[in-house]
Amino acid sequence: MSEQLKFIVEQLNGEPFKKNFNLITFDSLEPMQLLQILNDVLAEIDPKQAIDIREEMPEQTVKRICALLGMLKYKPPGNISDVSSFRQGLVTGSKPVIHPILHWLLQRVPELKKRAYLARFLVKLEVPADFLQDDIINDTYHQYEELVEGFKTYHKECEQLRTSGFSTAEIRRDISAMEEEKDQLIKRVERLKKRVESVSNHQRMLEQARQLRVEKEREEALTHQKQEQKNQLFQAEQRRLRSEQQLKDLRQAAADANPENWSLCPLHSGLMKRLEEEIKINSYMVSEKLPKELEGMRRTVQFLQKVASEPAMGQADLQELEDKIKEADSQINQLIEKRMMRYDPMDDKLSLYRQQASIIARRKESKAEELQEAREELAAAERELRQRTNQTQGSDGEEVIRGDEMKRLVAKLRSKGTVYKKKRQEIAELKADYGVVQRTEEILKQRHDAVQQKLQTVEAEKGISGYSDTQEELERVSAIKSELDEKKGRTLDDMSEMVKKLNSMIVEKKSALAPIIKELRSLRQQSQELGQEYEEKKAQYESCAVGLESNRSKLEQEVKALRDEMAQKENRYHYINTMSEILEMQIQRAAEEMKAYVSPDPQEKKKAIREVYMKNISEQELLGKKLREEQKMVRESHSANMEQVKMWRDLEQLMECKRQCFIRAKNRESIGQIIQEGGEDRLVL
């Protein structure tokens, strides 16, 4: 236990706490002070815990500390097995509870800092399963989980970089060594230039050497590209062989296996499930979705043909149509009122199922539309793939794909791969939702049939057969009314006027664009000629710019080397001047010190540095001796002083008790006295 306290005191006295404790002062701390020290240590680990516990309720303090200790994976010692006793010890600031916590925390401060930092991002939020049924919340939660996983990978990469052994000092040394090598190479190049200048035709030879180097680099690039294409060809050949083997196995299995036993084979069962799902989706598209769309388009075409075939309507015709619409609205309202008067909400047991069926039908339609869009995208991608394949097969093989084009192709393929994975996941989710929706639809149909039969029997018993049919007819009439309300604001004159305007605008645009198209053809030919001329000029400019850039870079390197050399010489000059001035001052001070030391005048000797230091040393020795004596006196009188402090505290408690007793007695006397005189009792206040 003493070793534990000694370790805690040493750590609290050091950085970053600087508490200036010893064993006695730390052991005599009050419970509130001990809890504050524990909170300060936790605040060093997690800055969010920097709170004054006097401004916080004890229950909140204990809850906050316990939550943080649980996150840091602290386990109480074996003698504190009960959680309630551990919490009670934290509330009261018990030393047997807090000292082990401090000892455990101070042993692992860097590790716990890292754990607290990671817990801010890695401790997942608990979302109830009911809330996750919402699509928006579910998507947001999945994004949150993906961000957490991304943070894990980034943190691992950061730790690997930190522990990889690279340091700034090594990098600086490498840079300085590379700069020295660069200077040496520049000097060697200068020497070689001087030697080459004396050779005849040296410019032509340098140009040939430069072209040779460029061709060698190109040869290396082509060799590397050839090797990569060989590797890709080998991988493609391997994939082809595997595909042929799989096809052979499938054909063999299809030839040998009995269709009745296909359900036992996982490959055939998966294939049959996929085929069944595709058949169900296609049957839904053919039997429900496409006929509805076709019927809607037919109604639209019929309506437009009817509008186009009718003659122009005047104000009287429009007024007559409005009167008919108002009359139909009034009839619909009367029917709805009759239905509402006969309608009993308790008898309608199918409203919930109708609502669920409508929701499921809407979801099915939306999923079918998404599936149709995905199929269209897949068909477009397949068409593009066939075009690219035909282009590749039609080429003679003389063109070689460059490195930049290969990088762009690889990046595009990666993006396509990620999009394909997302779409495949969405299709799997859609298939799962479709299965659930289909099963729900079957259950609802069964329930609807059962309820319909029961409803018919009840109607027959009550003598109101056909009531449900009448109700459905009213619903259909209300739907027709809503459609008429939507089309009420449209007039045929506006539509015919709009068609005339559009036709006139099309004719005007065609007439206006005809001369522009003629001019565009000649301009295109000029553009092609200018483009060819631009490419030629661009090639000339680039070749000239490359030569000028190389000359400029050489001149810049020479100027930089001369400037660096001049700066080094200036620094050396200033450094030598400064060092000479410092040495002169030191020589002057040494001469003055020697003069004062050998001087016979005692006043001069006192001014010497040696005499001043000797005087300070003697004073500090006297002070240390005095402090040791005081320390010895404090140690000898410590026990007696502690007993005296205890006696004074007891005396203080005794006096406080007497004061309380005196106050209570005085309060009782001030209430009043009872006096008996002449057989009577009187209360005197």
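Residues numbered from 1 in each chain as written. Predicted model: local features only at pLDDT ≥ 70, side-chain atom pairs only at ≥ 80, totals over all residues. Heavy atoms only, no water.

K.L.:
Would you mind going over the overall build of the chain with me for this structure?
P.N.:
Counting secondary structure elements, the chain contains 19 helices and 2 strands. Out of the 685 residues belonging to the chain, those deemed buried represent 13%. In the chain, once contacts between residues fewer than 6 apart in sequence are set aside, the share between residues at least 24 apart is 58%. Total accessible area on the chain is roughly 57,200 Å²; 56% of this is exposed by carbon and sulfur atoms. (Helix = DSSP H or I, 4+ residues; strand = E, 2+ residues; numbered from the N terminus. Buried < 20%, exposed > 50% of the residue type's maximum accessible area, 1.4 Å probe, protein only. Contact = heavy atoms within 4.5 Å. Areas by Shrake-Rupley, 256 points an atom, 1.4 Å probe, with all protein chains shown as cover.)

K.L.:
What exactly am I supposed to notice about the environment of Ala50 here?
P.N.:
By the element assignment, Ala50 lies in the loop between helix H3 (31–45) and helix H4 (58–71). Sequence-wise, Ala50 and Asn39 are 11 residues apart; in three dimensions their C-alpha atoms are separated by 7.2 Å.

K.L.:
Quick question: what am I supposed to make of the side chain of Thr61 here?
P.N.:
Turning to its location among the elements, Thr61 is positioned in helix H4. Take Thr61: its relative accessible area is 5%, and that puts it in the buried class. Excluding anything up to four places from it in sequence, Thr61 contacts Ile53 and Glu56.

K.L.:
What am I meant to see in the confidence of the model for the chain here?
P.N.:
Close inspection of predicted coordinates is inappropriate for parts of the model with low pLDDT. In the predicted model, the chain carries a mean pLDDT of 77, and the fraction of residues at 70 or more is 82%. Within the model, the stretch residues 259–264 combines pLDDT values under 50 with 5 contacts to residues more than four positions away or in other chains. Note that pLDDT drops below 50 for residues 396–400; the model gives that stretch 2 contacts with residues more than four away or on any other chain. (pLDDT = per-residue confidence, 0-100.)

K.L.:
In this structure, what is going on with the pattern of salt bridges? I would like to understand it.
P.N.:
Where charged atoms from two side chains of opposite charge approach closely, those side chains can pair. One pass over the structure, following the stated rule, counts 12 salt bridges. Ionic pairing is found between Glu111 and Arg115, a salt bridge with its closest N-O pair at 3.1 Å. Note that Glu111 and Arg115 are positioned in helix H7 (residues 109–122) at a spacing of 4 residues, about one turn of the helix. Assessed through its relative accessible area of 43%, Glu111 is described here as partly exposed. Residue Arg115 is classed as partly exposed on the basis of its relative accessible area of 26%. We note a salt bridge from Glu149 to Lys152, for which the minimum N-O separation is 3.7 Å. Taken together, the positions of Glu149 and Lys152, both in helix H8 (residues 135–162) and 3 residues apart, correspond to about one turn of that helix. Judged by relative accessible area, which is 40%, Glu149 ranks as partly exposed. (Salt bridge = Lys/Arg side-chain N within 4 Å of Asp/Glu carboxyl O.)

K.L.:
What's the story with the nonpolar core in this structure? I'm lost.
P.N.:
Across soluble globular proteins, nonpolar side chains have a tendency to be buried as a group. Grouped together as the largest cluster of nonpolar side chains are 35 residues, with contacts concentrated most on Leu12, Phe26, Leu38, Leu90, Ile101 and Leu105. Residues contacting Ile101, with those up to four places away along its chain left out, are Leu38, Leu69, Tyr74, Phe86 and Leu90. Grouped together as the second largest cluster of nonpolar side chains are 6 residues, Tyr284, Met285, Ala368 and Leu371 included. (Core = buried A, V, L, I, M, F, W, Y, C linked by side-chain atoms within 4.5 Å.)

K.L.:
Explanation requested: the side chain of Asp46 in the structure shown.
P.N.:
Considering the arrangement of structural elements, one finds Asp46 in the loop between H3 and H4. Overall, the relative accessible area of 9% leaves Asp46 in the buried class. Asp46 has contacts with Leu68 and Ala116, leaving out every residue within four places of it along the chain.

K.L.:
For this particular structure, what's the right way to read the environment of Phe21?
P.N.:
On the secondary structure map, Phe21 appears in the loop between helix H1 (2–13) and helix H2 (23–27). Expressed as a C-alpha distance, the spacing of Phe21 and Gln11, which sit 10 residues apart in the sequence, is 9.9 Å.

K.L.:
How should a nonpolar patch on the surface be read in this particular structure?
P.N.:
A surface patch of nonpolar side chains, amounting to about 470 Å² of accessible area, comprises Ile609, Val612, Tyr613, Met614 and Ile617. Residue placement: Ile609 occurs in helix H18 (residues 609–636). (Patch = residues over 30% accessible without salt bridge, like charges linked within 9 Å, V, L, I, M, F, W, Y side chains within 5 Å.)

K.L.:
Where do I start with the state of the cysteines in this structure?
P.N.:
By definition, a disulfide is the covalent link that joins the sulfur atoms of two cysteine residues. With the rule as written, the count across this model stands at 0 disulfides. As a non-bridged cysteine, Cys657 has Cys661 as the owner of its nearest cysteine sulfur, 4.3 Å distant. Judged by relative accessible area, Cys661 falls into the partly exposed class, the value being 43%. (Disulfide = S-S within 2.5 Å.)

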